[in-house]
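Breakdown of the fold
Now for the letters of each chain:
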Amino acid sequence: MVCARAALGPGALWAAAWGILLLTAPAGAQRGRKKVVHVLEGESGSVVVQTAPGQVVSHRGGTIVLPCRYHYEAAAHGHDGVRLKWTKVVDPLAFTDVFVALGPQHRAFGSYRGRAELQGDGPGDASLVLRNVTLQDYGRYECEVTNELEDDAGMVKLDLEGVVFPYHPRGGRYKLTFAEAQRACAEQDGILASAEQLHAAWRDGLDWCNAGWLRDGSVQYPVNRPREPCGGLGGTGSARDGGDANGGVRNYGYRHNAEERYDAFCFTSNLPGRVFFLKPLRPLPFSGAARACAARGAAVAKVGQLFAAWKLQLLDRCTAGWLADGSARYPIVNPRTRCGGRRPGVRSLGFPDATRRLFGVYCYRAPGAPDPAPGGWGWGWAGGGGWAGGARDPAAWTPLRV
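First things first, this report covers the structure right here in the doc. (Residues numbered from 1 in each chain as written. Predicted model: local features only at pLDDT ≥ 70, side-chain atom pairs only at ≥ 80, totals over all residues. Heavy atoms only, no water.)

**Brief notes about helix α3 (residues 195-203)**
Those residues of α3 not exposed but buried are A195, Q197, L198, H199, A201 and W202. Where the residues of α3 are buried, they touch β12 (150-160), β13 (162-167), β16 (218-223), β17 (248-254) and β18 (263-269). G205 occupies a position one or two residues after α3 and carries a positive phi of about 115°. (Buried < 20%, exposed > 50% of the residue type's maximum accessible area, 1.4 Å probe, protein only. Helix = DSSP H or I, 4+ residues; strand = E, 2+ residues; numbered from the N terminus. Contact = heavy atoms within 4.5 Å.)

Written as structure tokens, this is what we have:
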């Protein structure tokens with residue numbers, strides 16, 4: 001396709017017009033737009049953009065530089081009037097605007113406002129500094145440099161340190177549509193994992209015999225210990241990227257995301273706060289878990305928070321505790337026989353009866369939150385409490401100094 005740009009007038013006017021358009025357009029107009037590629041006949045492509053090979057790695061809450069530099073094949077060009085633009089790839093031909101700069105005018109878009117800025121390390125530096133990295137920042141970014149009628153672009157992959165965990169709700173396995181899987185991961189302090197993240201988790205030992213949604217709309221599951229029910233030992237499942245005929249990441253392909261139902265594979269990264277196990281004077285039903293954590297300036301931990309604490313903070317506890325979704329789990333870093341086997345991981349007791357089963361609770365305290373009960377508090381009944389069904393009513397429990 002040939003784009004006749006002569007009608008746009010002088011190059012400076014063209015650049016200024018584009019700058020005004022991009023720096024004043026509503027943010028809503030910049031999300032999910034389709035990329036239009038213009039090919040100019042006879043252009044030399046004298047603007048050359050260079051980005052980092054491979055990927056850059058950060059973690060949630062961190063600061064990362066997405067490297068991008070540009071230069072000219074001909075020395076006659078200067079750096080004035082250059083438009084620098086960063087976009088995030090959300091689909092093969094759909095981009096979300098992140099940051100744009102034209103001379104002294106800079107603008108970040110959407111959730112990147114207040115977090116994105118140019119590094120500005122001398123002429124030719126278009127690198128983007130991204131602060132307070134979030135889970136949603138994971139993905140591929142395009143750095144585009146335009147000078148009048150010449151442009152070039154490069155790609156940077158931002159990866160996050162973290163952990164992939166399988167998830168299904170209390171209702172049972174294979175109950176989630178794609179949209180419900182996205183919500184389920186978000187409710188457990190995560191996002192749907194990418195195929196690359198699941199494959200890395202498989203290489204790290206993840207073995208799970210139930211298929212789950214991934215971010216790209218595919219359904220897959222990792223098998224490290226082949227067995228008949230999991231597509232191994234003569235089964236029909238196909239291995240992917242390094243697995244042999246019996247082991248690997250099984251791939252169901254892209255499924256109907258509104259009608260078919262599976263589990264979810266979620267991803268979470270660095271934990272900004274701290275997860276700790278609270279053992280009250282007496283084990284708790286689920287109804288008492290929130291009050292127990294609140295008495296310590298915390299909330300009941302989510303599944304993703306417990307996985308992050310296990311993987312990244314090496315939380316090791318051989319005692320089951322309630323989590324926010326009503327499940328009971330415990331993290332094992334150093335495997336021992338009495339704690340569920342010879343492999344590290346987060347053990348799950350499923351979703352016990354919330355009124356009849358009694359456990360401790362895993363709590364999450366956000367960064368900077370004070371501990372209102374340092375080291376000397378438990379749970380009991382003030383003033384005698386009440387009785388219900390032959391046992392004291394958990395609704396009457398209050399924190400007591402012990």
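**Re unusual backbone geometry**
Even without a glycine there, the phi angle at Y174 is positive, about 55°. Here Y174 lies in the loop between β13 and α2 (178-187). Look at Y174 and you get partly exposed, because its relative accessible area is 33%. Backbone geometry places L314, a non-glycine residue, at a positive phi of 55°. If you trace the backbone, L314 turns up in the loop between α5 (303-312) and β21 (321-322).

**Notes on the state of the cysteines**
Under the criterion given, the structure shown has 5 disulfides. There is a disulfide in this structure between C209 and C230, and the S-S distance comes to 1.8 Å. The chirality of the disulfide connecting C209 with C230 is left-handed, given an S-S dihedral of about -125°. A residue pair is termed long-range when its members are at least 10 positions apart, and C209 in the loop between α3 and β15 (212-213) and C230 in the loop between β16 and β17 qualify at 21 residues. Across a sulfur-sulfur distance of 1.9 Å, C318 and C339 are joined as a disulfide pair. (Disulfide = S-S within 2.5 Å.)

**Topic: the nonpolar core**
One finds L66, W86, F99, V275, V361 and Y362 to be the most contacted residues of the largest nonpolar core, which totals 93 residues. Ranked by residue count, the leading element in this core is α5, at 6 residues. (Core = buried A, V, L, I, M, F, W, Y, C linked by side-chain atoms within 4.5 Å.)

**Concerning α5**
Counting buried positions along α5 gives 8 out of 10 residues, so the element sits mostly inside the fold. Residues of α5 that are buried include every one of V303, G304, Q305, L306, F307, A308, A309 and W310, and no others. Looking at the residues trailing α5, positive phi occurs at L314, about 55°.

**Details of the environment of H59**
For H59, the position within the fold is in the loop between β3 (55-58) and β4 (64-66). Residue class for H59 comes out partly exposed when judged on its relative accessible area of 30%. Spatially, the C-alpha atom of H59 lies 5.7 Å from that of N270, the residues being 211 residues apart in sequence. With near-sequence residues (within four places) excluded, H59 lies in contact with V133, L160, E161, S269 and N270.

**Describing the pattern of salt bridges**
According to the stated counting rule, one finds 13 salt bridges in the structure shown. For R225, the salt bridge identified is with D207, shortest N-O distance 3.6 Å. Here R225, found in the loop between β16 and β17, pairs with D207, found in the loop between α3 and β15; they are 18 residues apart in sequence, far enough to count as distant. The partly exposed category is assigned to R225, whose relative accessible area is 40%. Using a relative accessible area of 11% as the deciding quantity, one classes D207 as buried. The salt bridge involving R336 is made with D316; its shortest N-O contact spans 2.8 Å. Pair noted here: R336 is in the loop between β22 (328-332) and β23 (345-348) and D316 is in the loop between α5 and β21, with a separation of 20 residues, a long-range link. Among the residues examined, R336 registers a relative accessible area of 26% and is labelled partly exposed. Since its relative accessible area comes to 25%, D316 is described here as partly exposed. Residues joined in a network through salt bridges with shared partners are D207, R225 and R227. (Salt bridge = Lys/Arg side-chain N within 4 Å of Asp/Glu carboxyl O.)

**Digging into the environment of D159**
Position of D159 relative to the elements: it lies in strand β12. By relative accessible area, which is 17% here, D159 ends up buried. Here the alpha-carbon distance between D159 and V57, two residues 102 residues apart in the chain, equals 4.7 Å. Among residues more than four places away in sequence, those in contact with D159 are Q55, V56, V57, S58, Y138 and Q197.

**Here we look at the sheet that holds strand β9 (residues 116-118)**
Taken together, 3 strands build an open sheet; the order of strands is β4-β10-β9 and the sheet is antiparallel. Both edges of this open sheet fall to β4 and β9, since each of them pairs with a single strand only. If you compare each strand with its neighbour and ignore which way they point, the axes differ by 30° on average. In terms of strand pairing, β4 meets strand β10 (residues 128-130) through 3 bridges, oriented antiparallel. Its bridge partner being in β10, V65 is matched across the sheet by V129. (Pairing = 2+ DSSP bridges. Axes fitted to C-alpha atoms, helices over the stretch in contact; angles between N-to-C directions.)

Function cannot be inferred from these measures alone, as they are strictly geometric.
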